[in-house]
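Here's the letter readout for the chains.
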Amino acid sequence: MLGWGVDRLRADMSRLLAILFHQGVLDEQFLQLQQLQDESSPNFVSECKTDGYCDCRLDREFSDYKKMGIHLNQFMGSSSSIGANRVRNVCVAFRAASEQNNRAGCLRALELLEHEYCYLKNKLHELFQMEQQRVLAAGARYPLQQH
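Residues numbered from 1 in each chain as written. Predicted model: local features only at pLDDT ≥ 70, side-chain atom pairs only at ≥ 80, totals over all residues. Heavy atoms only, no water.

- As recorded in an unreviewed UniProt entry, the protein chain goes by the name Histidine-containing phosphotransfer protein, listed as coming from Salix dunnii.

Right, dumping it as C-alpha cells:
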C-alpha cells in the first residue's frame, strides 16, 4: 500500500514536469539540476530555485533604463540557471524594450514577467511539495507487529 503512494506521487510529478516542458515553462537545464540532487542533498533543486532567483525590484516608473537592464540581466541569468525558459524569454523581450527606451513595451513586458514568474513559482512549489511528500512516504517505516 505504501509503495502505491510513492509510485502515484512519482507519476504525478512526472506528469506535472511533462506539462511544464510541453508548455515551454522549463527547459533541459532544470533536468540537469534534478540530476545533481541525491540523498546527500535532497533539496538541491528547491534550494537553487529559492537561492538562485535574485530579488529584483523593477520600477514601474522606468526612469533609469540602464539600471533596469542590469536587473533584467541578473533575473535572466537566474532564470537560465534553473531552466525557467518562459521567464527568461520574457526577460529578453523586456531588455529589448528597455534598450529602446520603450515605456509601453516595458510595461507590457513587466506585466507578462510578473505573470510568468508567479506561474513558475506556483508550479515549482507544487512540484516541490509532491517531492517532499514522496520522500516522506518512501522513508516511512512501520514496526512489525508480533503475534
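The discussion continues.
1. Section: the packing of aromatic side chains
When we look at a pair of aromatic rings, we describe it by the centre distance and by the angle of the planes.
Argument step 1. For the structure on display, the rule yields one aromatic pair.
Argument step 2. Ring plane angle 55 degrees and centroid distance 5.8 Å describe the contact between Phe75 and Tyr117, whose orientation is recorded as tilted. Of the two residues, Phe75 is situated in helix 4 (residues 65-82) and Tyr117 in helix 6 (residues 103-139); the sequence distance between them amounts to 42 residues.
Argument step 3. For Tyr117, a relative accessible area of 27% gives the class partly exposed. (Phe/Tyr/Trp six-rings, centres within 6.5 Å; stacked < 30°, edge-to-face > 60°. Helix = DSSP H or I, 4+ residues; strand = E, 2+ residues; numbered from the N terminus. Buried < 20%, exposed > 50% of the residue type's maximum accessible area, 1.4 Å probe, protein only.)

2. Some remarks on the nonpolar core
Argument step 1. Ranked by size, the top nonpolar core spans 30 residues in total, and within it Leu26, Phe94, Leu113, Leu120 and Leu124 carry the most contacts.
Argument step 2. In terms of residue count, the dominant contributor to this core is helix 6 (nine residues). (Core = buried A, V, L, I, M, F, W, Y, C linked by side-chain atoms within 4.5 Å.)

3. A few points about the side chain of Asp27
Argument step 1. Along the chain, Asp27 turns up in the loop between helix 1 (2-22) and helix 2 (28-36).
Argument step 2. Only 3.0 Å separates the side chain of Asp27 from the backbone nitrogen of Gln29, close enough to count as a polar contact.
Argument step 3. Other than its neighbours up to four places away in sequence, Asp27 contacts Phe21, Gly83, Asn85 and Arg88. (Polar contact = N/O pair within 3.5 Å; in protein donor to acceptor, adjacent residues only side chain to side chain. Contact = heavy atoms within 4.5 Å.)

4. Description of the packing of helix 2 against helix 4
Argument step 1. Contact pair helix 2 / helix 4: the axes reach a minimum separation of 6 Å and the direction vectors enclose 60 degrees. It follows from the interaxial angle that helix 2 and helix 4 lie oblique. Between helix 2 and helix 4, the contacting residues are Gln29, Phe30 and Leu33 on the first element and Ser80, Ser81 and Ile82 on the second.
Argument step 2. Residues of the contact of helix 2 with helix 4, tallied by class, amount to three nonpolar, three polar and no charged. (Axes fitted to C-alpha atoms, helices over the stretch in contact; angles between N-to-C directions. Parallel < 35°, antiparallel > 145°, perpendicular 65-115°, else oblique. Nonpolar A, V, L, I, M, F, W, Y, C, P; charged D, E, K, R; others polar.)

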